[in-house]
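Close look at the chain arrangement
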Amino acid sequence: MIVYGGEEMEFFQAILNMSASSLAQHFVNGFSLGSLYALIAIGYTMVYGILLMINFAHADIVMMACYFAFFGITVFHIPWYITFVGVIIATALLGVVIERTAYRPLREAPKNSVLISAIGASFLLENLANYLFSGRPLSFPDIPLLSQNIAIGEVQIQAICLVIPVMTFLSLAVLLHIVNHTKTGMAMRAVSKDYEIARVMGVNIDRVISTTFIIGSALAAIGAFMWGVRYPGITPYLGVMPGLKCFIAAVIGGIGSIPGAMLGGILLGVIEQLAKTYISPLWSDAIVFAVLVQRGHFVEVPYLGILAQRGHANTHEAFGLELLEAVGMRALLHFHQRSKQNDARTFGHGHDVGNDLRQQRIVSAAEDQRIGTAFSDRRKIPLGSQAGDR
């Protein structure tokens, strides 16, 4: 390990002076780690694209999936490939349960209420795992087929490091096919475009949202299984730091964009690996969060993605500000202002549109109140009087 005290010139000089095999080794490790981040980040970005909220329990779903895999292999002695399928099914069901109990009752509630419920669901899963499985670290069972080393020239690569990117790209291809070429994907895109209009047109909103949680949780299960093979330690708080980093990956790539989450995860994994090697493992997490702060200068991926093509920038701005305050990253307010200016240029007079919508809602509410008053007055008329009128 080389520590350079934060001097950028020495950092880049070290990269230039390193051997090709060493550079390839670190890039393979970083690409593998980034692919894991991408796989989990897609779950964040899908839920955001549909509901405009961050599912903070997603990271703890990853943790629960690791425990499912551990007990399936070590306690019930189920072959790992069958356990892998079972973990995907069990984790998808867990995602549906969380959606129905923590989010569906608050469908019409303010965004802050949903955000608080998401954080509460996260804490509930962590403490439930701590109670059921104890806080003692467990070791993920060894799978020789995936943990063996493969030599490619002078580069030693663990088999799982090759499997992870392949599974990630296959999962992304299947997901994009579902989103773009199936009726379910059409319904998802309709809901993300305009929630209310999709409801009026007969789209089953609850079914679409449940399907979104199923897909996101299934991807989290795939990522959790491969995370356990790559990093065997399992604790009730396993998902905390990976969850934050996957959230960062989704933000880097453009929250709401599926390909953006993929790109953001891979970039973040490579940066973290190089930072651990050539700066210091103690600084790697700080550098990752610094990348989030500088997201606006880092990569220009569209802010609105496949599942986030909404017509009003105001909604994104308002919820984005609440989200930043909840996470505690107030340094991102600078980027929020820049994003606000860009959205205003993209959508035209965004604030005028928002004011017009608010005015329409006020007029609509007044009209509903007038109709309701008239209906109430009509109910007060005696039944005989109504018959006499006829």
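In what follows, the structure referred to is the one given above.
Overview of the structure. (Residues numbered from 1 in each chain as written. Predicted model: local features only at pLDDT ≥ 70, side-chain atom pairs only at ≥ 80, totals over all residues. Heavy atoms only, no water.)

**Notes on the overall build of the chain**
Of regular secondary structure, the chain possesses 18 helices and 4 strands. Sequence separation of 24 or more characterises 77% of the internal contacts of the chain that already satisfy a separation of 6 or more. About 19,400 Å² of surface is accessible on the chain, with carbon and sulfur atoms providing 64% of the total. (Helix = DSSP H or I, 4+ residues; strand = E, 2+ residues; numbered from the N terminus. Contact = heavy atoms within 4.5 Å. Areas by Shrake-Rupley, 256 points an atom, 1.4 Å probe, with all protein chains shown as cover.)

**Here we look at the packing of aromatic side chains**
On inspection of all chains with the given rule, the structure shows 13 aromatic pairs. Residues Phe31 and Phe169 carry aromatic rings whose centres are separated by 6.4 Å and whose planes lie at 15° to one another, so their mutual orientation is stacked. On the criterion of sequence distance, the pair formed by Phe31 in helix α2 (residues 20–51) and Phe169 in helix α7 (residues 159–181) is long-range, its members being 138 residues apart. Each ring, one from Trp80 and one from Tyr81, has its centre 5.9 Å from the other, and the planes form 80°; the classification is edge-to-face. Residue Trp80 is classed as partly exposed on the basis of its relative accessible area of 28%. Ring pairing ties together the aromatic residues Trp80, Tyr81, Phe84, Phe140 and Phe225, which thus form one cluster. (Phe/Tyr/Trp six-rings, centres within 6.5 Å; stacked < 30°, edge-to-face > 60°. Buried < 20%, exposed > 50% of the residue type's maximum accessible area, 1.4 Å probe, protein only.)

**Comments concerning the pattern of salt bridges**
According to the stated counting rule, one finds 8 salt bridges in the structure shown. Among the ionic pairs, Arg107 bridges to Asp206, the shortest N-O distance being 2.9 Å. With a gap of 99 residues between them, Arg107 in the loop between α4 (80–103) and α5 (111–133) and Asp206 in helix α10 (residues 205–230) connect regions that are remote in the sequence. In this structure, Lys276 engages Glu272 in a salt bridge whose closest nitrogen and oxygen atoms are separated by 3.4 Å. One end of the pair is Lys276 and the other is Glu272, both in helix α12 (residues 258–278) and 4 residues apart, which spans about a single turn. With a relative accessible area of 32%, Lys276 lands in the partly exposed category. One network of salt bridges, in which partners are shared, links Glu99, Arg104, Arg107 and Asp206. (Salt bridge = Lys/Arg side-chain N within 4 Å of Asp/Glu carboxyl O.)

**Comments concerning helix α11 (residues 240–253)**
With 14 residues, α11 extends 20 Å from end C-alpha to end C-alpha; this agrees with the ideal 20 Å at 1.5 Å per step. Among the 14 residues of α11, 11 are classified as buried, and the element is accordingly described as predominantly covered. All of the buried residues in α11 are Pro242, Gly243, Lys245, Cys246, Phe247, Ile248, Ala249, Ala250, Val251, Ile252 and Gly253. Where α11 ends, the next residue or the one after it, Gly254, has phi of about 105°, a positive value. (Expected span 1.5 Å × (residues − 1).)

**Considering a nonpolar patch on the surface**
Judged by side-chain polarity, Val75, Phe76, Ile78, Tyr81 and Ile82 come together as a nonpolar surface patch covering roughly 510 Å² of accessible area. Position of Val75 among the secondary structure elements: in the loop between α3 (58–74) and α4. For Val75, a relative accessible area of 44% gives the class partly exposed. (Patch = residues over 30% accessible without salt bridge, like charges linked within 9 Å, V, L, I, M, F, W, Y side chains within 5 Å.)

**Thoughts on the nonpolar core**
Counting 93 residues, the largest nonpolar core has Ile42, Ile98, Tyr103, Leu175, Val191, Phe225 and Leu268 as its most contacted members. Setting aside chain neighbours within four positions, we find Leu175 in contact with Ile42, Met46, Ile215, Leu219 and Ile258. (Core = buried A, V, L, I, M, F, W, Y, C linked by side-chain atoms within 4.5 Å.)

**Thoughts on the side chain of Thr212**
By secondary structure assignment, the location of Thr212 is in helix α10. For Thr212, a relative accessible area of 1% puts it in the buried group. Side-chain polar atoms of Thr212 contact the backbone oxygen of Val208, separated by 2.9 Å. (Polar contact = N/O pair within 3.5 Å; in protein donor to acceptor, adjacent residues only side chain to side chain.)

**As for the side chain of Gln273**
Among the structural elements, Gln273 can be located in helix α12. For Gln273, a relative accessible area of 15% puts it in the buried group. Excluding its chain neighbours within four sequence positions, the residues that come into contact with Gln273 are His26, Asn29 and Gly30.

**Examining the packing of α11 against helix α13 (residues 281–293)**
The relative placement of two packed helices comes down to the angle between their axes together with the axis-to-axis distance. Across the interface, α11 lies against α13 with an axial gap of 9 Å and an inter-helix angle of 30°. Judged on the interaxial angle alone, α13 and α11 are roughly parallel. In this structure, α11 crosses over α13, and the sense of that crossing is left-handed. Residue-level inspection shows Met241, Leu244, Lys245, Ile248, Val251 and Ile252 of α11 in contact with α13, the latter providing Asp285, Val288, Phe289, Val291 and Leu292. (Axes fitted to C-alpha atoms, helices over the stretch in contact; angles between N-to-C directions. Parallel < 35°, antiparallel > 145°, perpendicular 65-115°, else oblique. Left-handed = near helix turned anticlockwise from the far one by under 90°.)

**Observations regarding the packing of α2 against α10**
Their axes nearest at 9 Å, the elements α2 and α10 cross at an angle of 165°. The orientation of α2 relative to α10 falls into the category roughly antiparallel. Judged by the sense of rotation from one axis to the other, the crossing of α2 with α10 is left-handed. Facing α2, whose interface residues are Asn29, Ser32, Leu33, Leu36, Tyr37, Leu39, Ile42, Gly43, Met46, Val47, Ile50 and Leu51, α10 presents Ile209, Thr212, Phe213, Ile215, Gly216, Leu219, Ile222, Gly223, Met226, Trp227 and Arg230. Considered class by class, the residues forming the contact of α2 with α10 number 16 nonpolar, 6 polar and 1 charged. (Nonpolar A, V, L, I, M, F, W, Y, C, P; charged D, E, K, R; others polar.)

**What to know about α12**
Between its terminal C-alpha atoms α12 stretches 31 Å, which fits the 30 Å expected from 21 residues at 1.5 Å a residue. Of all 21 residues in α12, 16 are buried, a share of seventy percent or more.

**Let's talk about the environment of Ala218**
Structurally, the position occupied by Ala218 is in helix α10. For Ala218 and Ile40, which are 178 residues apart along the polypeptide, the C-alpha to C-alpha distance reads 9.6 Å.

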